[in-house]
Amino acid sequence: MSEPVNVLIVGVGGQGVIMVSKALAWLAQSRGLEVKQSEVHGMAKRGGSVFSHVRFGEQVWSPTIPRGEADILVALEWAEGLRWLPFLKPEAGIFICDTKRIVPPFACLNRRPGAPMRYSRETPAEVKAHVAEGYAIDATQMAEELGNERAANVILLGALSTALDFPPEDWEKAVAEFVPKKTVAVNLEAFRRGRAWIEEARLLAPTAEAPAAIAPARVSPPGPAPAYAPRLEIVREWCKSCDICVKLCPERCLRLDAERIAELADPAKCTGCRLCEWLCPDFAIRVHLDAVAPQGAAA
C-alpha cells in the first residue's frame, strides 16, 4: 500500500457518521497501518452536516482528503452524498449512499403538505453518470426490517467493507467494539446484510465497464412533490415536559396535556416539517409522512 487509502464519510448529525469512521480507523490501525482521522461535529449534532476524513496506509502525512482524491465516499444521507461528490476520484472513486432523505424544516418554499422543497431532486440514475462505481442502498429501510433503524450506519459499514481488503471477521470485531453492547447481535446482522447487498449488486451489474448498481429506492424523481399526510408518533414515557416542541412548532399545533406530556392538538395544521422531531432532546417524537393517493386515483 504505497499510497494512502482515502475514505470520506458524510451525513447528518445523529446518524452515526463518527462511529463509522472510528470503527474504520480502529480496524486499519489494528492491521498495523498508519491512520489519520479528521472530523467535524459538535454544533452539527442532531440535524447539522457532519463529515469525517479517514486516511490510512504505510505512511500518512495529512489528516484531510483533498478535493477529487477520495477513493470511497460513504454517505448516510442522500443530499449530503451529492454535496460531497466533488471530493470523489472522478475515474475510480466508489460512491456508497443511503437513499434516506432528511429534509431540513426550513427547506420548504411553504409548509403545506406536498409543497415543493428546496432539497436535492437528482435521481440515482442521474448520479450514476457522474461516478465510476456507485451504490444507492435503502439502508434505513433494511435497518427498520431488523427492528433497529439506528443500525442503518452499520449496514453502510458492511457495504464499505466490500471495497477494502480487510477480512470480514476483523470488520465484525470493529462493529462489536463500537456499537452499544446490548445491540451487538442486531448490528452484526446489519453489517452482514449491507455486505451481502453490495455483493449481490455486483453480480447483477450488466458489464464490468458499467458496475454502478444505483436503484431508485426512496429518492423522488424530478416533478411535483408527492402528496403526504403527516402523522406524529409521541412516546409518552420518554417526554420530559421540556415544552421545546410546543414553543418552536411553526404552526402552533402542539401542546402539553393535563399531565404535561406533548400531544398534537390540531392535526389539520401539522405540515410534517419535522422541527419537533429534530429538537426533541429525548427522542420522544417521530414524524411519519404517509403517502396519500391523488384524488380520483384507483384504490
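Definitions and limits used
- Residues numbered from 1 in each chain as written.
- Predicted model: local features only at pLDDT ≥ 70, side-chain atom pairs only at ≥ 80, totals over all residues.
- Heavy atoms only, no water.
- Helix = DSSP H or I, 4+ residues; strand = E, 2+ residues; numbered from the N terminus.
- Buried < 20%, exposed > 50% of the residue type's maximum accessible area, 1.4 Å probe, protein only.
- Contact = heavy atoms within 4.5 Å.
- Areas by Shrake-Rupley, 256 points an atom, 1.4 Å probe, with all protein chains shown as cover.
- Salt bridge = Lys/Arg side-chain N within 4 Å of Asp/Glu carboxyl O.
- Pairing = 2+ DSSP bridges.
- Axes fitted to C-alpha atoms, helices over the stretch in contact; angles between N-to-C directions.
- Phe/Tyr/Trp six-rings, centres within 6.5 Å; stacked < 30°, edge-to-face > 60°.
- Lys NZ or Arg CZ within 6 Å of the ring centre and 35° of its normal.
- Core = buried A, V, L, I, M, F, W, Y, C linked by side-chain atoms within 4.5 Å.
- Patch = residues over 30% accessible without salt bridge, like charges linked within 9 Å, V, L, I, M, F, W, Y side chains within 5 Å.

Draft legend 1. Inspection of the overall build of the protein at higher detail. In terms of helices and strands, the protein carries 9 helices and 10 strands. By the burial criterion, 49% of the 299 residues in the protein qualify as buried. When contacts within the protein are restricted to residue pairs at least 6 apart in sequence, those whose partners lie at least 24 apart make up 66%. Here the protein displays about 15,300 Å² of accessible surface, and carbon together with sulfur accounts for 55% of that area.

Draft legend 2. Representation of the pattern of salt bridges within the structure. Counted under the stated rule, the structure contains 17 salt bridges. Salt-bridge contacts for Glu172 lead to Arg192; the nearest nitrogen and oxygen are separated by 2.9 Å. With Glu172 in helix α6 (residues 168-178) and Arg192 in helix α7 (residues 184-204), the pair connects residues that are 20 residues apart, well separated along the chain. Under the relative-accessibility criterion, Arg192 is labelled partly exposed at 40%.

Draft legend 3. Region of interest: the sheet that holds strand β4 (residues 72-75). Read from one edge of the open sheet, 6 strands run β2-β3-β1-β4-β5-β6, paired in mixed fashion. Bordering the open sheet on either side are β2 (34-40) and β6 (133-137), each of which pairs with just one other strand. Pairs of neighbouring strands in the sheet enclose a mean axial angle of 10°, with direction left out of account. Relative to strand β5 (residues 94-98), β4 runs parallel, the two sharing 4 bridges. Looking at β5, one finds that Ile72 is bridged to Ile94.

Draft legend 4. View of the packing of aromatic side chains. Counted under the stated rule, the structure contains 6 aromatic pairs. With 4.7 Å between their ring centres and 50° between their planes, Phe51 and Trp84 make a pair best called tilted. With Phe51 in strand β3 (residues 49-57) and Trp84 in the loop between α2 (78-83) and β5, this pair connects stretches of sequence that are 33 residues apart. Using a relative accessible area of 18% as the deciding quantity, one classes Phe51 as buried. Overall, Trp84 belongs to the buried group, its relative accessible area being 12%. Counting every residue linked through ring pairs, the aromatic cluster contains Phe56, Phe166, Trp171 and Phe191. A cation sits over an aromatic face here: Arg150 above Phe283, 6.0 Å from the ring centre.

Draft legend 5. Spotlight on the nonpolar core. Within the largest apolar cluster, 48 residues are counted, with the highest numbers of intra-cluster contacts made by Ile9, Leu24, Phe56, Leu160, Leu164, Phe166 and Trp171. Per-element accounting of this core gives the leading share, 9 residues, to helix α1 (residues 17-30). Those residues in contact with Ile9 that lie beyond four places of it in its chain are Val17, Val20, Ser21, Leu24, Val50, Phe51, Ser52, Val54, Val74 and Leu76. One finds Leu8, Val10, Phe95 and Cys97 within the second-largest nonpolar core, a separate group that totals 21 residues.

Draft legend 6. Main features of a nonpolar patch on the surface. Together, Ile244, Leu248 and Leu279 give the surface a local cluster of nonpolar side chains, amounting to about 220 Å² of exposed area. Locating Ile244 in the fold gives a position in helix α8 (residues 244-248).

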